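What follows is each chain in one-letter form.
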Amino acid sequence: MKLNRIEEEKVVVEQMVRLYCRKREGNAELCPSCRELLAYAHSRLAACRFGERKSTCKKCPVHCYRPAMKERIRAVMRWSGPRMMLYHPIAAVKHLLRETIL
């Protein structure tokens, strides 16, 4: 089943948040803070005005995250990003390609 662009981004951000919570914070399940961050990220993606033409958030001209949430997701992505190649290599390569091509 092929996911649309927004759904793909939701999957990737969830993988990153879960990886961060499990490996960095040592939680077996998503903690309340990470659950909140993931729900916020999903809501922002669902409201994205670019839809199928969406670039990666890092390259987006519209920064739709509140400053506090932006810092939290940035910390998660900074830690999880390099590790995605080990845990989710296909998603990591697709994300990297979007960063360089779009």
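Residues numbered from 1 in each chain as written. Predicted model: local features only at pLDDT ≥ 70, side-chain atom pairs only at ≥ 80, totals over all residues. Heavy atoms only, no water.

Attention now goes to the overall build of the protein chain. Scanning the protein chain from terminus to terminus reveals four helices and zero strands. Listing every helix and strand of the protein chain by position from the N terminus yields α-α-α-α. Seen along its three principal axes, the alpha-carbon backbone of the protein chain occupies a region of about 35 × 30 × 25 Å. The buried share of the protein chain, reckoned over its 102 residues, is 36%. Across the protein chain, contacts joining residues at least 24 apart in sequence account for 71% of those joining residues at least 6 apart. Averaging the positions of the 22 positive and the 10 negative side-chain charges in the protein chain gives two centres separated by 4 Å. (Helix = DSSP H or I, 4+ residues; strand = E, 2+ residues; numbered from the N terminus. Buried < 20%, exposed > 50% of the residue type's maximum accessible area, 1.4 Å probe, protein only. Contact = heavy atoms within 4.5 Å. Lys, Arg positive; Asp, Glu negative; His and termini not counted. Charge placed at Lys NZ, Arg CZ, Asp CG, Glu CD.)

What follows deals with helix α2 (residues 32-46). Helix length check: α2 (15 residues) gives 21 Å between terminal C-alpha atoms against 21 Å at 1.5 Å per residue, within 8%. Of all the positions in α2, only Cys34, Leu37, Leu38, Tyr40, Ala41 and Leu45 are classed as buried. For α2, the arc enclosing every buried residue in end-on projection is 160°, short of the 170-degree limit, so these residues lie on one face. Seen from the open side of α2, the exposed residues pointing more than 90 degrees away from its buried face are Pro32 and Ala46. (Expected span 1.5 Å × (residues − 1). Arc of directions from axis to C-beta.)

To continue, consider a nonpolar patch on the surface. Residues Met85, Val93, Leu96 and Leu97 make up a contiguous nonpolar surface patch of roughly 340 Å² in combined accessible area. With three residues, helix α4 (residues 89-101) is the single largest residue contributor to the nonpolar patch. As for its position among the elements, Val93 is in helix α4. Under the relative-accessibility criterion, Val93 is labelled partly exposed at 37%. (Patch = residues over 30% accessible without salt bridge, like charges linked within 9 Å, V, L, I, M, F, W, Y side chains within 5 Å. Areas by Shrake-Rupley, 256 points an atom, 1.4 Å probe, with all protein chains shown as cover. Salt bridge = Lys/Arg side-chain N within 4 Å of Asp/Glu carboxyl O.)

Before going further, it helps to examine the packing of α2 against helix α3 (residues 67-87). In helix packing, the relevant descriptors are the interaxial angle and the interaxial distance, both defined with respect to the helix axes. Packing of α2 against α3 brings their axes to within 11 Å, and their N-to-C directions diverge by 105°. Regarding the angle of α2 to α3, the classification is roughly perpendicular. Contact residues: Ser33, Cys34, Glu36, Leu37 and Tyr40 in α2; Met69, Arg72, Ile73 and Val76 in α3. Partitioning the contact of α2 with α3 into residue classes produces six nonpolar, one polar and two charged. (Axes fitted to C-alpha atoms, helices over the stretch in contact; angles between N-to-C directions. Parallel < 35°, antiparallel > 145°, perpendicular 65-115°, else oblique. Nonpolar A, V, L, I, M, F, W, Y, C, P; charged D, E, K, R; others polar.)

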